Structures are given as C-alpha cells and as structure tokens.
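# Observations on the model geometry
Given next are the chains, with one letter for each unit.
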Amino acid sequence: MPGNRRGPEYSIILPTYNEKDNLPICLWLIEKCMKDTGYSYEVIIVDDASPDGTQDIAKQLIKEFGEEKIILKPREGKLGLGTAYIHGMKFARGNFIILMDADLSHHPKFIPEMIRLQKQKNYDIITGTRYSLGGGVVGWDLRRKFLLQPGVSDLTGSFRLYKKDILAKLISESVSKGYVFQMEMMFRAKKHGFTIGEVPITFVDRFFGESKLGAQEVISYAKGLLYLFFTVS
Amino acid sequence: MATQFQIYLTKITPILFVWIVTYFSGIPHSFEIFIATPIVLIGLLGIYAVYSVIAGVLRFRNCEEAKVELIREIDEARADFKRRNVKLD
C-alpha cells in the first residue's frame, strides 16, 4: 500500500505560537506513536511569527526528522486558528487532516486510535473527547442534546481527524472566532449529517504557559452555545 | 434548514397553546399557579443547566496518571535529542 501512493496519507496540521519548548516534544511523540503503525504521515507547522524562536527550533527538527515528515509553513503574524488550518491545508498531501494542539495537551498516542476507528466505518470525522464515558457525563450530554442536539460529547475539543474535503467544507462555512469556531464546525458537521466517531482522550493542561481553562472559557462556551442555538441553520 | 431556535419554537408553541387553552377552559385552578408554573419550570431548567456545566467541568478528564506519564516522556524526549545532538537551546 505505501508503495502505491506518492506522499503521506495523513497530514497533521500544527498551529504554533510561542511553542519552542513544547514543539520538539510534540514532534518526538508523534514520531514515536506513529512509527510502528504503518500509517504514513506528515506534520505541517503553521507558525504565526512566534517571537520566541519557535521557527528556528522547527528548522532544527526538520533537519533531524526529515523534510518529508516535517514541513514549516510560517505566517506573517498572529492570524487566528481557522486561517491557520486553511493555510496548512494548502500544503497538505494527505487525504486526511489531523488537527491538534502543539502544547502537549493533546497526546499523539491517540492518533493511531483515531485512524483505526475512522477505518472501521469510514467515518467523516473522528473527534477526541475529553469527557469520560459514563457517570455524570450523562447529565452533560442531556444538556447539550436538549439545547443543541449535536450528538457529540465534546464540542469545544480541537483534537480531531477529518477527511480533507469535509474539513475544507466546514471551515468555509464557519464564521466564529477562537474555539467557538471548533464548536461551530462540529455543530455544522452534525447538521450536514456527517458521520462522527469519538475516541476518549486524556487532556493534560498546559505545561509551559498559562492554563486554558477557567471562568473565561465557561462564559465563552455559554456564549458560543447561544450563538449556535440562535443562528446556525 | 432551520436553526435550533426555530425547531424549538415549533415544539414549544403547541405546549404553550395547550397551556393557555387550559387556563380558559373552565377547569378550576388559580391564577397564581398558572403564572408560577412556567417560571418554576424555567428556574429548574436553569439550575439543572448550571449543575451539569459544573459536573461536566469536574469530570473533565485531567488524569494525574496522564500528567505523570507525560513528564516521563518529556524527559525521555530531551535525553533522546541530546543523544542525537539536536540543538534545542
């Protein structure tokens, strides 16, 4: 199978901003977790002109891991997540796109699981869910089902595997910013009837840098839900 | 395709209709209960929503074991890079 294709099957798009400490570890873990799976991959680093030297580190890593595996596609400034994905997708050779964070909150060990699940039923999207299965999550799902009926337990998650054309379509339709954008993509995916599989993942809060979780996130999330509830058709 | 809000209206409107008809139907009941019931129901819904947000955040999978494993892997990665002479500052 690898002999038939030119280029990798899976393109991992990694948006980065000031990740000079996390990036090497992230790439090392991707290599370690994908090495023996037989799945061919590439990593496209979309760096938004990080002042901390992330791009220099990336170049060292390209020397080490190879230009076929790691590709650096920088941008002129901090331009936002949605456009980072679009930018990365321009260069992606795979038929599947994996989106994840470079800050080690997403562990690459779940990528092979996502790939395996996708192959099982040819899912359009695989999403990593941070909410454990069972127990109090029932209440969480009920609330989401009650308000939004997305059928996906982790709307704001950003660790996902998409078929390339599906992702392109969802990005072109979604207008929100920040991680409400992630919610909107998943919500629209459900509305389109795309098939979505879930892989439970563990989420370790930022090692180097400020935490993402807090009251601000809960408020933004609530606002995002209301926006989706009233406007997305 | 409709927004969720519109879908909601199509479900809520008949219930509202039944509710109002009941009020005028002559079945004995008090005005206070008529007004209070929807408010109480919405209040309960609000409490449930807040509860489930909090419960969801608490059950967030932020496992200690994952953190420990990650720390170990970070050390392993750094040692490996050193061995391979990769300059990471």
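Note that the structure is a prediction, hence the values are computed from the model and not measured.

## Here we look at the pattern of salt bridges
- For the structure on display, the rule yields 14 salt bridges over all chains.
- A network of salt bridges, in which partner residues are shared, links Glu 64 of chain A together with Asp 80, Arg 83 and Arg 84 of chain B.

## As for the nonpolar core
- Grouped together as the largest cluster of nonpolar side chains are 45 residues, with contacts concentrated most on Ile 12, Leu 14, Leu 27, Ile 30 and Val 43 of chain A.
- For this core, the secondary structure elements donating two or more residues are strand 1 (10-16), helix 1 (22-34), strand 2 (41-47), helix 2 (54-65), strand 3 (70-72), strand 4 (96-99) and helix 4 (110-121) of chain A together with helix 3 (64-83) of chain B.
- With eight residues, helix 1 of chain A is the largest single contributor of residues to this core.
- The next biggest cluster of nonpolar side chains, apart from the first, holds 22 residues, and it includes Ala 84, Met 186, Phe 194 and Ile 196 of chain A.

## Overview of the packing of helix 6 (residues 164-173) of chain A against helix 7 (residues 180-192) of chain A
Residues and elements named next belong to chain A.
- Running from N to C, helix 6 and helix 7 point in directions that differ by 115°, and their axes come no closer than 9 Å. Considering only the axes of helix 6 and helix 7, their crossing is right-handed. Together, Leu 167, Lys 169, Leu 170, Ile 171 and Glu 173 of helix 6 and Phe 181, Glu 184, Met 185, Arg 188, Ala 189 and His 192 of helix 7 make up the contact between the two elements.
- Considered class by class, the residues forming the contact of helix 6 with helix 7 number six nonpolar, one polar and four charged.

## Some points on the pairing of strand 4 of chain A
Residue and element names in this part refer to chain A.
- Every second residue of strand 4 is oriented toward a common face, with Phe 96 and Ile 98 on one face and Ile 97 and Leu 99 on the other, all of them buried.
- Pairing of strand 1 with strand 4, which is carried by four bridges, proceeds in the parallel orientation. Within strand 4, the position partnered with Tyr 10 by the bridge is Phe 96.
- Here strand 4 runs beside strand 6 (residues 160-163); their pairing, made up of four bridges, is antiparallel. The partner of Ile 97 across the bridge, within strand 6, is Tyr 162.

## Some thoughts on helix 3 (residues 81-91) of chain A
- Among the residues of helix 3 of chain A, Gly 82, Ala 84, Tyr 85, His 87, Gly 88 and Met 89 of chain A are the ones counted as buried.
- Residues of helix 3 of chain A that are buried sit in contact with strand 1, strand 2, strand 4, helix 6 and helix 7 of chain A.

## A few points about the environment of Thr 127 of chain A
Residue and element names in this part refer to chain A.
- Structurally, the position occupied by Thr 127 is in strand 5 (residues 125-129).
- In sequence terms Thr 127 and Arg 188 are 61 residues apart; their C-alpha atoms lie 14 Å from each other.
- A polar side-chain atom of Thr 127 sits 3.0 Å from a polar atom in the side chain of Arg 160.

## Thoughts on the sheet that holds strand 1 of chain A
Residues and elements named next belong to chain A.
- On the basis of which strands lie adjacent, the open sheet formed by seven strands has the order 3-2-1-4-6-5-7 and mixed pairing. Two strands lie at the open edges of the sheet, namely strand 3 and strand 7 (196-200), each paired on one side alone. Averaged over all neighbouring strand pairs, the angle between strand axes comes to 20°, with direction disregarded.
- As paired elements, strand 5 and strand 7 share five bridges and run parallel to each other. Note on strand 7: the bridge partner recorded for Ile 126 is Gly 197.
- Against the sheet, helix 1 touches strand 1, strand 2 and strand 3, its axis set at about 165° to strand 2.
- Lying on the sheet, helix 4 is in contact with strand 1, strand 4, strand 5, strand 6 and strand 7; it crosses strand 7 at an angle near 150°.

## Section: the packing of aromatic side chains
Residues and elements named next belong to chain A.
- According to the stated counting rule, one finds five aromatic pairs over all chains in the structure shown.
- Ring centres of Tyr 10 and Phe 96 lie 5.3 Å apart, and the angle between their planes is 25°; on these two criteria the pair is classed as stacked. Note that Tyr 10 is positioned in strand 1 and Phe 96 in strand 4, a separation of 86 residues in sequence. For the pair shown, Tyr 10 and Phe 96 are each scored as buried.
- Through successive ring pairs, a cluster of aromatic residues spans Tyr 10, Tyr 39 and Phe 96.
- Directly above the aromatic system of Phe 91 lies the positively charged group of Lys 73, at a separation of 4.4 Å from the ring centroid.
- If you follow Lys 78 out to its NZ or CZ, it ends over the ring of Tyr 17, 4.7 Å from the centre.

## So, the confidence of the model for chain A
All names here are of chain A.
- Looking at chain A as a whole, its pLDDT mean stands at 82, while 80% of the residues score no less than 70.
- Here residues 132-151 is modelled with pLDDT under 50, and outside its nearest four sequence neighbours on either side it reaches 47 contacts, counting other chains as well.
- Note that residues 208-212 has pLDDT below 50 and, in this model, nine contacts with residues that lie over four places away or in other chains.

## Some details on the environment of Phe 230 of chain A
- Looking at where Phe 230 of chain A falls in the secondary structure, it is placed in helix 8 (residues 215-231).
- A relative accessible area of 40% places Phe 230 of chain A in the partly exposed class.
- Apart from the residues within four sequence positions on either side, Phe 230 of chain A is in contact with Thr 3 and Phe 5 of chain B.

## Regarding the pairing of strand 1 of chain A
Residues and elements named next belong to chain A.
- With seven of seven residues buried, strand 1 is to be regarded as a mostly interior element.
- When strand 1 meets strand 2, the two strands line up parallel, connected through seven bridges. What sits directly across from Leu 14, in strand 2, is Ile 45.

What counts, and where the lines are drawn
Residues numbered from 1 in each chain as written. Chains lettered and ligands numbered in written order. Predicted model: local features only at pLDDT ≥ 70, side-chain atom pairs only at ≥ 80, totals over all residues. Heavy atoms only, no water. Salt bridge = Lys/Arg side-chain N within 4 Å of Asp/Glu carboxyl O. Core = buried A, V, L, I, M, F, W, Y, C linked by side-chain atoms within 4.5 Å. Buried < 20%, exposed > 50% of the residue type's maximum accessible area, 1.4 Å probe, protein only. Helix = DSSP H or I, 4+ residues; strand = E, 2+ residues; numbered from the N terminus. Axes fitted to C-alpha atoms, helices over the stretch in contact; angles between N-to-C directions. Left-handed = near helix turned anticlockwise from the far one by under 90°. Contact = heavy atoms within 4.5 Å. Nonpolar A, V, L, I, M, F, W, Y, C, P; charged D, E, K, R; others polar. Pairing = 2+ DSSP bridges. Polar contact = N/O pair within 3.5 Å; in protein donor to acceptor, adjacent residues only side chain to side chain. Phe/Tyr/Trp six-rings, centres within 6.5 Å; stacked < 30°, edge-to-face > 60°. Lys NZ or Arg CZ within 6 Å of the ring centre and 35° of its normal. pLDDT = per-residue confidence, 0-100.

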